[in-house]
Amino acid sequence: MAADTVLDIIAQGAWNGGRLVDNSIYENKGMTFKGGIPVNNQTIEKRIGVRTRNVAPVNERIGVLAFNELLQTCDIDPARIKLVIGATNIGEDKIDPGPLVRHSFDLVKSSCPDDMRVLDLYAGCPGFNASVELVFIMSLAGVLQAGDISIIVGAENVHRARVFAPDDTANIIFGDDAVATALETKSQISTTDGDDLPAKVTFNAGDDIAGCIAGELLKIKGPHKIDGIIMDNQLGMLEHRVPAMAARIQHCFVEQCYPEVAAKGTFKNFRKALAFYNQHVNAFAFDVMTVDRRPDHIAQIANAYTASGKYKTIASIYLGADRDVVLRLHRGQGHISQAPKWGIVDTLTQSHGCFAPYIEVLPFTDRSKMFGHMNGKGVFLHATRGAKYHLEALMAPHKLEMDDIDLLIEHQANFAMIPLTLEQVLAGRKADAKQAAADFIANKMVTNIHERGNCSVVCMQRLPYDLERGALQPDSIQGYAINQNLDNLRRAKTILYDSIGAGMTRSSFLQRKK
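The model shown is predicted, which means the values in this text are computed figures rather than measured ones. (Residues numbered from 1 in each chain as written. Predicted model: local features only at pLDDT ≥ 70, side-chain atom pairs only at ≥ 80, totals over all residues. Heavy atoms only, no water.)

(A) Structural detail: the sheet that holds strand E13 (residues 313-319). As summarised here, the arrangement of the ten strands in space is E1-E9-E8-E6-E7-E12-E11-E13-E14-E10, forming an open sheet in which the pairing is mixed. What marks the edges here is a single partner per strand, and that holds for strand E1 (7-14) and strand E10 (200-204). On average, adjacent strands in this sheet sit at an angle of 25° to one another, irrespective of strand direction. With eight bridges joining them, strand E8 (residues 149-156) and strand E9 (residues 177-185) adopt antiparallel strand pairing. Each residue of the ladder has a partner; that of Val 153, found in E9, is Ala 180. (Pairing = 2+ DSSP bridges. Helix = DSSP H or I, 4+ residues; strand = E, 2+ residues; numbered from the N terminus. Axes fitted to C-alpha atoms, helices over the stretch in contact; angles between N-to-C directions.)

(B) Representation of the sheet that holds strand E22 (residues 505-512) within the structure. Ordered by their spatial adjacency, four strands build an open sheet running E15-E22-E21-E18, and the pairing between neighbours is mixed. Sheet topology places strand E15 (343-351) and strand E18 (407-410) at the edges, where each strand pairs with a single neighbour. Taken pair by pair, the neighbouring strands of this sheet meet at an average axis angle of 15°, ignoring direction. Judged from the eight bridges that link them, strand E21 (residues 494-501) and E22 form a sheet pairing that is antiparallel. Directly across from Thr 494, in E22, lies its bridge partner Arg 512. Sheet contacts for helix H4 (residues 127-140): E15, E21 and E22; angle to E15, the most-contacted strand, approximately 120°. (Contact = heavy atoms within 4.5 Å.)

(C) Local environment of the pairing of strand E6 (residues 81-87). Among the seven residues in E6, six count as buried, and that is most of the element. With six bridges joining them, E6 and E8 adopt parallel strand pairing. Across the sheet, residue Ile 85 finds its bridge partner in E8, namely Ile 152. (Buried < 20%, exposed > 50% of the residue type's maximum accessible area, 1.4 Å probe, protein only.)

(D) Seen up close, the packing of helix H14 (residues 417-426) against helix H15 (residues 433-443). Packing of H14 against H15 leaves a shortest axis separation of 8 Å and a crossing angle of 120°. The pairing of H14 with H15 is recorded here as oblique in orientation. As H14 runs across H15, the sense of the crossing is right-handed. Where H14 abuts H15, its residues Ile 418, Pro 419, Leu 422, Glu 423 and Leu 426 lie against Ala 433, Lys 434, Ala 436, Ala 437, Phe 440 and Ile 441. Across the contact of H14 with H15, the residue classes tally to nine nonpolar, no polar and two charged. (Parallel < 35°, antiparallel > 145°, perpendicular 65-115°, else oblique. Left-handed = near helix turned anticlockwise from the far one by under 90°. Nonpolar A, V, L, I, M, F, W, Y, C, P; charged D, E, K, R; others polar.)

(E) Looking closely at unusual backbone geometry. Cis rather than trans, the peptide bond between Gly 98 and Pro 99 has omega equal to -5°. Residue Met 504 is reached from Gly 503 by a cis peptide bond, and omega for that bond is -15°. Turning to its location among the elements, Met 504 is positioned in the loop between E21 and E22. The phi dihedral of Arg 162 falls on the positive side, at around 50°, and the residue is not glycine. Here Arg 162 lies in the loop between helix H5 (158-161) and helix H6 (170-173). Its identity as a non-glycine residue notwithstanding, Lys 399 has a phi of 55°, on the positive side. Assignment of secondary structure puts Lys 399 in the loop between helix H13 (387-395) and E18.

Right, here's the structure in full:
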């Protein structure tokens, strides 16, 4: 029999400070968009939809402030906190070796139980959604028990971290933000023995980390399809977590499994690569970085993924700072008898490691000059063309279609992506997909990119937080009406969260409210 509720979001706290900065700071700087288009207020709003963004002070750790606000304003007992996740890409300091969440954890460390887990999770902009899935998995499997609290601290201080080179137009897109979310485990469906771990393979990965680990994984996988790769990445360097090292390993593994496909150039053609991954790979890949640095802990998390019934075969990897590796293969049944009725109902995370170079940080001798790089066209294509397959795979088992969704929380990467993504998702179901997308944006979505910019991981947390507190207002962006149905959206029952980012990874989840 299905549990009524396994996991639900119970509270949020946020950093609500910073300085509001409009587009004028980017004018007359000699910056141009692709094609030589000059950067000014008009072209920024037309191409991206951003009018203003929040910039945090350089001396503030905004993730700590968001977590503190959660603790101060909500009835959260630190003694019940069993898991703290820092969902981030860059965090607040690109030189910080991590885990970045340790700064927030210091607020409650003395009051928390000894057996708790504390870790960063690196899955690109979908990091919050992937973190929700991890908490959901650990609740399903019984690692987290009824009454346990999990905290997800989403924090991106892009301006303090100086993520992009000063003349990179990527700077224009992003705003700083931090929100802390509390989730409570209500019940469990299965149980797992965290001490019953599969046999391990140990080796040193050397210089070709991704290729070496992929080769060792190929040796032990046997006939099994790999549903996911979870790596505890202790290298402590930004260029090895954006994109997640696990995503790079995923693609090396795919190339080694299908050398004839790689030889044909399939993975160099966007459409063919996307279709191949959707048909033959269908797997996730992300990194974590644990505070305690114990190899068995990542294996216990992977055990929960298989014990939950959602996944059948998971690879867990512990990568030490000296590049020593502990590799395990975890096997389960891959079947949940029935989904929960309320709260977090289901989740889906999938990575296309073939597109990992679309968002990456390249190494540089002077680490202060190490900057992020984005292939804007590639990111745009993956965001808009990859949604339909993914969202249908999540919704179909629950007999849901987009018409059944009361509220869509969509990643605020670039407003121009949103109508095109929805047109792709609605195509074939609506006679006029363009008009249907416009109606959906106006009445079934909340939008804030025009005011806050792309806040990376934090978009998924900020939107429902601002909806609940009445901080959103009706408006229009690029000819589309937005935030037109706020009163009804606050009472939404069936909610879909969807985000896309580095890896390239897409992660989504369904929430039902009573």
